[in-house]
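Here are the chains, one letter per residue:
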Amino acid sequence: MIYLDYNATSPLRPEARQRMLHLLEEAFGNASSLHQKGRQARAVVEEARARLLAALGDPRGQIVFTSGGTEADNLALKGVARANRQKGDHLIVSSVEHHAVLHAAQSLAEEGIRVTLLPVDHRGLVDLQFLQGAITPKTVLISVMHANNEVGAVQPIEAIGRIARERGVLFHTDGVQSFGKLPLDAREAGADLVSLSAHKIGGPKGVGALYLRQGLRIAPLIHGGPHEHSLRAGTENVAGIGGMQAALEAALDERRDGAAGRVEGLRNRLEEGLKERVPDLLVNGQGVPRLPGTLNASFRGCHGETLLMAFDLAGIAVSTGSACSSGSTEQSHVLAAMGLEASSIEGSIRFSLGWGTTGEEIGECLERIPPIVERVRRAAVSREG
Ligand SMILES: Cc1ncc(COP(=O)(O)O)c(C=O)c1O
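Bear in mind the structure is a predicted one, so any value in this text is a computation, not a measurement.

K.L.:
So what exactly am I meant to see when it comes to unusual backbone geometry here?
P.N.:
Backbone phi values are negative for most residues with the exception of glycine, while trans is the configuration of most peptide bonds. Residues other than glycine seldom take positive phi values, yet E228 does so here, at roughly 50°. Within the secondary structure layout, E228 lies in helix α8 (residues 227–230). On the basis of relative accessibility, which here comes to 4%, the residue E228 falls in the buried class. With a phi close to 55°, H229 is a non-glycine residue in the positive phi region. Tracing the sequence through the fold places H229 in helix α8.

K.L.:
Sorry if this is basic, but what is going on with empty space enclosed by the protein here?
P.N.:
In this approach the atoms are scanned with a rolling probe the size of a water molecule, which exposes any empty space left behind. This model, assessed by the stated rule, comprises one cavity of 30 Å³ or more. Along the wall of the largest cavity there are 21 residues; nearest its centre are K181, V263, L353, G354 and W355. Mapped by element, the contributors of at least two residues to the lining of the largest cavity are α9 (238–256) and α10 (259–277). Two domains share the lining of the largest cavity, each providing at least three of its residues, namely domain 1 (2–8 + 258–384) and domain 2 (14–254).

K.L.:
Explain the environment of A247 here, please?
P.N.:
Considering the arrangement of structural elements, one finds A247 in helix α9. With 199 residues separating them in the primary sequence, A247 and A48 have C-alpha atoms 11 Å apart. Ignoring any residue separated from it by four or fewer positions in sequence, one finds A247 in contact with R13, A16, I201, G202 and G203.

K.L.:
Help me understand the site of the ligand in this model?
P.N.:
The full set close to the ligand counts 14 residues, and G69, T70, D174, S197 and K200 are the nearest of them. At 3.3 Å, a side-chain N or O of H98 approaches an oxygen atom of the ligand. One nitrogen or oxygen atom from the side chain of H199 is found 2.8 Å from an oxygen atom belonging to the ligand. Protein contact buries 90% of the 400 Å² of open area that the ligand shows by itself. Considering every element that reaches the shell around the ligand, the biggest residue donor is helix α3 (residues 69–83), with three residues.

K.L.:
Mind showing me how you'd approach the sheet that holds strand β10 (residues 294–299) here?
P.N.:
Taken together, three strands build an open sheet; the order of strands is β9-β10-β12 and the sheet is antiparallel. Only two strands of the sheet have a single neighbouring strand rather than two, namely β9 (281–284) and β12 (348–352). Across the sheet, the mean angle separating the axes of adjacent strands is 30° when strand polarity is ignored. Pairing between β10 and β12: five bridges, direction antiparallel. Note on β12: the bridge partner recorded for N296 is R350. Across the sheet, helix α11 (residues 304–313) lies against β10 and β12, angled at about 40° from β12, the strand it touches most.

K.L.:
Even after reading the chapter, I still don't get the packing of aromatic side chains, so can you show me in this structure?
P.N.:
Aromatic ring pairs: the centre-centre distance and the angle between the two ring planes describe each pair. For the structure shown, the criterion picks out four aromatic pairs. Geometrically, the ring pair formed by F299 and F351 is edge-to-face, given 6.3 Å between the ring centres and 65° between the ring planes. Here F351 lies in strand β12 and F299 lies in strand β10, a separation of 52 residues in the sequence. Accessibility expressed as a relative area gives 0% for F299, which makes it buried. One aromatic cluster in this structure is built from F299, F311 and F351.

Definitions and limits used
Throughout this description, residue numbers start from 1 for each chain and increase along the sequence as written. This being a predicted model, a pLDDT of at least 70 is required before a residue's local features are given, and a value of 80 or more before pairs of side-chain atoms are given or counted; all residues contribute to the totals for chains, interfaces and linings. Excluding hydrogens and water, the side-chain values take into account all heavy atoms of the structure. Comment: elements are numbered from the N terminus, with helices defined as DSSP H or I runs of at least four residues and strands as E runs of at least two. Each residue's exposure class comes from its accessible area (1.4 Å probe, protein chains only) as a fraction of the maximum for that residue type: buried when under 20%, exposed when over 50%, partly exposed otherwise. Cavity means a closed set of points on a 1 Å grid over the protein atoms alone, one where a 1.4 Å probe fits but cannot get out, pocket means an open set with protein on both sides within 12 Å along at least 5 of 7 lines, and lining means a residue has an atom within 4 Å of a point. Grid points are joined across faces, edges and corners, and a volume is the space filled by probe spheres set on the points. Source of the domain bounds: an automatic or database domain assignment. Pairs of residues are marked as contacts when any of their non-hydrogen atoms sit within 4.5 Å. Residues are classed as near a molecule or strand on a simple rule: at least one heavy atom within 4 Å of it. Pairs of N or O atoms within 3.5 Å make up the polar contacts considered here, provided that, within protein, one atom can donate a hydrogen while the other can accept it, and that residues adjacent in sequence are counted only when both atoms are side-chain atoms. For every accessible area listed, the method is Shrake-Rupley and the probe measures 1.4 Å; residues are considered covered only by the protein chains on display. Here, any two strands with at least 2 DSSP bridges between them count as paired. A fitted line through C-alpha atoms serves as each axis, taken over the contacting stretch for helices, and the angle formed by two N-to-C directions is quoted from 0 to 180°. The criterion for an aromatic pair is that two Phe, Tyr or Trp rings (for Trp, the six-membered ring) have centres within 6.5 Å, with stacked assigned to planes under 30 degrees apart, edge-to-face to planes over 60 apart and tilted to the rest.

Written out as structure tokens, the structure is:
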């Protein structure tokens, strides 16, 4: 199986697996216990916290470990909105956010919070002028993701952070897809909150974190013991947190060694090769900075789901839209917000490459995919005829 669905989730890196197996055996203590086993588990959690903060360029910030990116996004939006009801009742979120942000905003709207959706252009970048005009004295938070999970577009977060600071509004960025893959310095970006997830970079599923600028106050979602500075009750997932750190370190080592360039090179080879071999192929989100391993393309005249199934039979795993919305027949809200026509949205496929992708796999894809597309297109035409 050629796995090209890294944006949905990535295989566990050997470094993370090894660390987790060791921690599951050795560091089984409750990080809140006072005895040796507890202190050992606490040390693992605190080391990972410090490592994440260093990677985000803010050793003095706070990290709240969560059950993943979804919880981090919910904690950011609901936590800020509920802690700031005295100050205001207005949020601005981009229209291409992950559903973890969009649906959290929707649920806040049911609590009486006003939500403005920030439009994007045809390349997937947010409209900064619209953002300037949308901020009111009652705006408490702007939430714009760093890199988009479907098309890979990297948003101008430094410019957004600057606008937020000038206007006295908090800025949250969902860094789930970019963390470990692209430089993400919370202070340079002017981000007050950043969501992270382990399983997109070769760590375990079910672990993530929310970064908070030092001193920022938010309301917790989960109540119980005083874990995570009373911002997220529940016994810490020590092995998962250690696995997240190991995956991050491996990802950062790769970046230092230029391996992010390797993944980008493979993505470009796939993109160019498909353009040469498949007529009428449209690459979505072109012409802007993109995640190195992401390629979203529309195979016009095909149903994305049909292609996905045909690729799967040929041993290639890809995605239509984001993994979280696959299984439902809903159109991709990201491609719709970018103004793509319905036929292009319908025929869109996301290829996402990562740490384990090889040149041979890309070569194989370039052999296997064009005849499949031709066959699916021919079948669609004969059905219509
Ligand atoms: C941009 C983005 N945010 C949030 C999430 C949710 O993260 P998790 O799967 O860790 O809950 C995802 C996962 O697809 C994502 O791509």
